[in-house]
Amino acid sequence: MANYKIHETDVLVIGAGGAGLRAAIESAALGMKTAMVMKSLLGKAHTVMAEGGAAAAMANADPRDSWKVHFRDTMKGGKMLNNYRMAELHAKEAPDRINELEEWGAVFDRTPDGLIMQRNFGGHTYPRLAHVGDRTGLEMIRVLQDKAVHMPMDIFMECTVTHLFKNGDAIVGALAYTRDTGEFHLFQAKSVVLATGGGGKAFTVTSNSWEYTGDGQSLAWQAGADLLDMEFVQFHPTGMVWPLSIRGALVTEGVRGEGGILTNNKGERFMFNYIPDAFKNDVAATDTEANQWVREVITGKQATVRRPPELLTRDVVARAIVNEVREGRGSSHGGVFLDIATQRTADEIKRKLPSMYHQFIKLANVDITKEPMEIGPTAHYMMGGVLVHPETQMSTVKGLFAAGEVGAGLHGANRLGGNSLSDLVVFGKRAGAGAADYVKQTKPSAKVSEHDVDAAIAENLSTFDHKSGENPYALHKELQEMMNTYVGIMRKEEDLKKALVELDAFEKRSANLSVVGTRVYNPGWHLAMDLRNMLITSRAITMAALERKESRGGHARSDYQGYDPNYAKVNLAIKNANRQMVVEQIPRSPLPDELKNLVEEA
Amino acid sequence: MSNNVHMRVFRGDQTGGGFKDYQVQADEGMVVLDVIHRIQAEQAPDLSCRWNCKAGKCGSCSAEVNGKPKLMCMTRMDTFTPGQTITVEPIKTFPLIKDLVTDVSWNFQVNKKIPPFKPRPKNPDGTWRMMQYEADRVQEFRKCIECFLCQDVCHVLRNHGKHEDFFGPRFMVRLASLEMHPLDAADRLKLIKEIGGIGFCNITKCCTEVCPEDIHITDNAIIPLKERVADRFYDPLTRLFRIFAGGGQK
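The shown structure was predicted, so the numbers you read here are calculated from the model rather than taken from an experiment.

A.B. asks: Which residues make up the interface of chain A and chain B, and what values do they have?
C.D. replies: Frequently, the measure chosen for interface size is the accessible area removed from exposure when the parts meet. Taken residue by residue, the interface counts 58 residues in chain A and 56 residues in chain B. Counting the contacts that link chain A with chain B gives 6 salt bridges. With a closest N to O distance of 3.8 Å, Glu146 of chain B and Arg142 of chain A form a salt bridge. In this structure, the connection of chain A to chain B is made through 37 residue pairs in polar contact (both at pLDDT 80 or more). Secondary structure elements with two or more residues in the side of chain A that touches chain B: helix 3 (84-103), helix 4 (136-149), helix 10 (354-364) and helix 15 (523-547) of chain A.

Pasting the structure below:
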């Protein structure tokens, strides 16, 4: 028997970003013995990087807003592929979750009469994002972190889960290791909540950190759970492009929400040329109209004209930028220009976008109060993930739950900015409650087979025995370049097929990775384990992308441009059939009339 | 544009270690963290370092670069003289785990000792009203990314090892963010004085100097807290009043 520590728990939460923290808080509040494990230190998860805000129809900044409009915006933004029940629950519950954060100590920016201020963002009809300058995620994670540490739960920092265990058809635990010692930990858990985020690290140009290696998607699939909508990867339109070493770092959509405009190398405000028919009535037709909208909203008035085209949804803006660059109108470093300097005063920019100001002046020698930023698309977010029940967040495997980015359904084919932070708290809470309820109702056992644990540990340690194997860093780099090239923002059948062949080869090579050093805080060893997850998640993305023969939201095919009405009727599931990955079309159930009317009212 | 740089990086753990030399290619715009990553990828795959956002937002990659506490992700290579050797070592105030990674868990234990936010009752209309100017004051403290560079340079911790007696600048900032929170109704002054050990700070402002978020730690957080403690516990009039009013010290 291999050597490891054993912990028993009712609910094991994997990940400590907004969704994991909110799930753990809920589970602990419901009296469950709760453990939360995280790859980094507490408070460092991806949530901390979220900038713009959390979308909630509180109607503080514009009384015309309501959950109904938020629901409609979310469905339209998701190109109608969203799970409508999740979109409904999200729109209805987000304001309560934001108010709850205030009750726990969050200090959001204020309206002139002292309420939580809300800002405009792409795809949201009214100013809807509760925010704190451009560091909203930091505020949220700190508030949730401080709430969680005062609740009865066990917190394991720098502790990475490598395997999930089942007994029959139910989840019973997980294997993890802690970085400071390299020791293994077996969690005998009656339920598991995945809150592991996304997998952008499979791409070269990404806003994601080392943590984002598709762990939850991969662990769930390996445990037999279905994945959904994996073809939809959000390329955020505004990542930094220069210097190269910082390429991909996020530039908040808040810049455009505050009036920033996009121009090409001819100085043209090109987004007017890319307004999709479905949004023609919502978007300003001229520069004058767009500028009037900005003047109205920044002075706290209700907008009487239509919004600027820069605030179209992210998929539309990202593809427009790619097209400008391809047709020779890009910047010298292969991006376009985002200009706030000509739109707002230096003081306003520094107050509303302090960390953007800081980031550009420090890392790129660019003063955004004087000059435009050079930006281009960056892999940012996975709309797809683990298929979950909309109310409880339980996956298709008993006792396995998912919330936040690792879950699927809310965002459909494209996520609206601001809907992720609200997603975390709405469905984090639901997942915590769902797991607690499952434990109470079904009284599951948490008996993990010793043989399974031994096999998992042996797999994790095998890389130390390969003396002349491959360098994990080199393999990772190749994988990123391959995914960026073949499964990036513009896809076609030939490329996707090549990607599958390449993935086969990577998988073979990954069996012979070689790791040097000891188990103590060894990043090479860690990466070798992360690569397993990245390869599985990359394959799921690629297979779904090959199957969806149309362009919609975060999935664009140069060989199948435009919507295909047949694909509007299905979501794609990635299933595990005897360890073989298969893709299956799942017919969508039609919207109930009352929700259908909301979407069509527009 | 790229050039070859000479890096001296600390390698080792609790049992010992020392600086190791690396020659690395540094490209235009690179920061110290990029160079460390390049060493990992090409020369030392087990070189330990913490990082996450690579944009100065998460506070993970704290280290001492040429002896100065810095975020590696915000320290550009072109700020050094060409040809200069660049040393990178772990922050000194906390026990070493390995290479550039230290055990900062003490900070999380300190945070747990701070009583959480406790809101005052809501207004009759069911809201909490707070004006932006009121929010501004605490929003400065809430910018803290917990890089612990202030803890690293605080001589009470770094030179005198008073981890048992003093919370350090980071948690004075945290306490200020709660004590000056317009909606908070809890009272932490006794804790600040007796357990937090605010008296240990003799306002040398080293913490303020290294804060990557430009929080005025000493002027805006520590000194006002010191004043509140002094008003409560050392002001003769207040003490007299309390004796007559029959209230013990809170």
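Next comes the rest of the description.
A.B. asks: Talk me through the packing of helix 2 (residues 67-77) of chain A against helix 3 of chain A; I want residue IDs and the actual numbers.
C.D. replies: Residues and elements named next belong to chain A. At a closest axis distance of 8 Å, the pairing of helix 2 and helix 3 adopts a crossing angle of 140°. Our classification of the angle between helix 2 and helix 3 gives oblique. Handedness of the crossing formed by helix 2 with helix 3: right-handed. Contact residues: helix 2 offers Trp67, His70, Phe71, Thr74 and Met75, while helix 3 offers Tyr84, Ala87, Glu88, His90, Ala91 and Lys92. Grouping the constituent residues of the contact of helix 2 with helix 3 by class yields 6 nonpolar, 3 polar and 2 charged.

A.B. asks: Provide a residue-level description of the pairing of strand 8 (residues 170-178) of chain A, including the pertinent values.
C.D. replies: Remember that side chains alternate between the two faces of the sheet whenever the strand is regular. All names here are of chain A. Most of strand 8 is tucked away: 9 of the 9 residues are buried. Sheet topology note: the strand 7 (residues 159-167)/strand 8 ladder contains 8 bridges and is antiparallel. The partner of Thr160 across the bridge, within strand 8, is Tyr177. A loop of 2 residues connects strand 7 with strand 8, the two strands running antiparallel in sequence, and Gly168 in this loop sits at a positive phi of about 65°. Between strand 8 and strand 9 (residues 184-194), which pair antiparallel in sequence order, lie 5 residues; one of them, Gly182, sits at a positive phi of approximately 80°.

A.B. asks: For the environment of Arg509 of chain A, give the residues involved together with the corresponding values.
C.D. replies: Residue and element names in this part refer to chain A. Among the secondary structure elements, Arg509 is positioned in helix 14 (residues 493-510). Taking C-alpha positions, Arg509 is 9.8 Å from Pro472, a pair spaced 37 residues apart along the chain. If near-sequence neighbours (up to four positions away) are discounted, Arg509 is found in contact with Glu470, Leu475 and Glu478. Polar contacts involving the side chain of Arg509 include one to the side chain of Glu470, which spans 2.7 Å.

A.B. asks: Pulling in residues and values, what's your account of the domain arrangement of chain B?
C.D. replies: All names here are of chain B. Assigned domains within chain B: domain 1 (2-101) and domain 2 (105-245). Using C-alpha coordinates to define each centre, domain 1 is positioned 32 Å away from domain 2. Roughly 1,000 Å² is buried in total at the junction of domain 1 and domain 2, and carbon and sulfur atoms are behind 60% of that figure. The largest per-residue losses of area from domain 1 upon contact with domain 2 belong to Pro69, Thr93 and Phe94, which jointly make up 50% of the total buried on that side. The interface formed by domain 1 and domain 2 contains 1 salt bridge. Among the ionic pairs, Arg158 bridges to Glu64, the shortest N-O distance being 2.8 Å. Of all the elements in the fold, those that place two or more residues in the side of domain 1 that touches domain 2 are strand 3 (62-65) and strand 4 (68-71). Residue classes in the side of domain 1 that touches domain 2 are distributed as 6 nonpolar, 4 polar and 4 charged.

A.B. asks: Help me get a handle on the sheet that holds strand 10 (residues 227-228) of chain A, residues and values and all.
C.D. replies: Residue and element names in this part refer to chain A. Taken in spatial order, the 4 strands of this open sheet run 15-10-17-18, and their pairing is antiparallel. Pairing within the sheet leaves two strands with one partner each, and these edge strands are strand 15 (385-386) and strand 18 (580-587). Against the sheet, helix 15 makes contact with strand 10, strand 17 (570-577) and strand 18, and its axis sits at roughly 45° relative to strand 18, the strand it touches most.

A.B. asks: Account for the packing of helix 2 of chain A against helix 16 (residues 593-601) of chain A, with residues named and values stated.
C.D. replies: All names here are of chain A. Two numbers describe how helix 2 lies on helix 16: the axes approach to 9 Å, and their chain directions differ by 80°. Between helix 2 and helix 16, the interaxial angle falls into the category roughly perpendicular. Within the contact between the two elements, helix 2 uses Trp67, Lys68, Phe71, Arg72 and Met75 and helix 16 uses Leu595, Leu598, Val599 and Glu601. The class makeup of the residues in the contact of helix 2 with helix 16 is 6 nonpolar, no polar and 3 charged.

A.B. asks: If you had to explain the environment of Tyr274 of chain A to someone new, which residues and values would you point to?
C.D. replies: Residue and element names in this part refer to chain A. Mapped onto the elements of the fold, Tyr274 is located in the loop between strand 12 (261-263) and helix 7 (287-298). Each C-alpha atom, one on Tyr274 and one on Val316, is 7.5 Å from the other, the two residues being 42 residues apart in sequence. In contact with Tyr274, not counting residues within four places along its chain, are Leu312, Val316, Ala320, Asn323, Glu324 and Arg329. Separated by 2.5 Å, the side chains of Tyr274 and Glu324 make a polar contact.

A.B. asks: Quick one: what's the story with the nonpolar core, residue by residue and with numbers?
C.D. replies: For soluble globular proteins, nonpolar side chains are generally found buried alongside one another. In this structure, Leu101 and Leu164 of chain A together with Met7 and Met72 of chain B are the most contacted members of the largest nonpolar core, which totals 254 residues. Looking at which element gives the most residues to this core, the answer is helix 15 of chain A, with 14 residues. Once you skip the residues sitting within four places of it in the chain, Leu101 of chain A turns out to touch Ala106, Phe108, Met140, Val143, Leu144 and Val425 of chain A.

A.B. asks: Explain the environment of Lys301 of chain A to me, using residue names and the numbers behind them.
C.D. replies: Mapped onto the elements, Lys301 of chain A comes out in the loop between helix 7 and helix 8 (314-326). In this structure, the C-alpha to C-alpha distance between Lys301 of chain A and Ala61 of chain A, residues 240 residues apart in sequence, is 8.7 Å.

Each value, and the rule that gives it
Every residue gets a number counted from 1 within its own chain, in the order that chain's sequence is written. Chains and ligands are labelled by the order in which they are written, letters from A for the one and numbers from 1 for the other. With the structure being a predicted model, the display of local features is reserved for residues of pLDDT at least 70 and the display and counting of side-chain atom pairs for 80 or more, all residues being used for whole-chain, interface and lining totals. Side-chain measures here rest on the full set of heavy atoms in the structure, leaving out hydrogens and waters. What makes two residues a contact is simply this: any of their non-hydrogen atoms within 4.5 Å. When a carboxyl oxygen of Asp or Glu lies within 4 Å of a side-chain nitrogen of Lys or Arg, that pair is called a salt bridge. Side-chain atoms alone can form a polar contact between residues adjacent in sequence; in general such a contact is a pair of N or O atoms within 3.5 Å, and within protein one must be able to donate a hydrogen while the other accepts it. A run of H or I in DSSP counts as a helix once it spans at least four residues, and a run of E counts as a strand once it spans at least two, with each numbered from the N terminus. Axis definition: a line fitted to C-alpha atoms, over the contacting stretch in the case of helices. Angles run 0 to 180 degrees between N-to-C directions. Should an angle fall under 35 degrees it is called roughly parallel, over 145 degrees roughly antiparallel, and 65 to 115 degrees roughly perpendicular, with every other angle called oblique. For any pair of crossing helices, the crossing counts as left-handed if the nearer helix is rotated counterclockwise from the farther one by less than a right angle, and right-handed if it is rotated clockwise. Residue polarity follows a fixed list, in which Ala, Val, Leu, Ile, Met, Phe, Trp, Tyr, Cys and Pro are nonpolar, Asp, Glu, Lys and Arg are charged, and the others, Gly among them, are polar. Categorising residues by exposure relies on relative accessible area from a 1.4 Å probe, with only protein chains included: less than 20% of the type maximum marks a residue as buried, more than 50% marks it as exposed, and the intermediate range marks it as partly exposed. By the convention used here, strands pair only if DSSP detects at least 2 bridges between them. Marked domain ranges trace back to an automatic or database domain assignment. Put simply, buried area is how much 1.4 Å-probe accessible surface two parts lose in total, over both of them, once they are put together. In this text, buried Ala, Val, Leu, Ile, Met, Phe, Trp, Tyr and Cys residues form a nonpolar core when linked through side-chain atoms within 4.5 Å.

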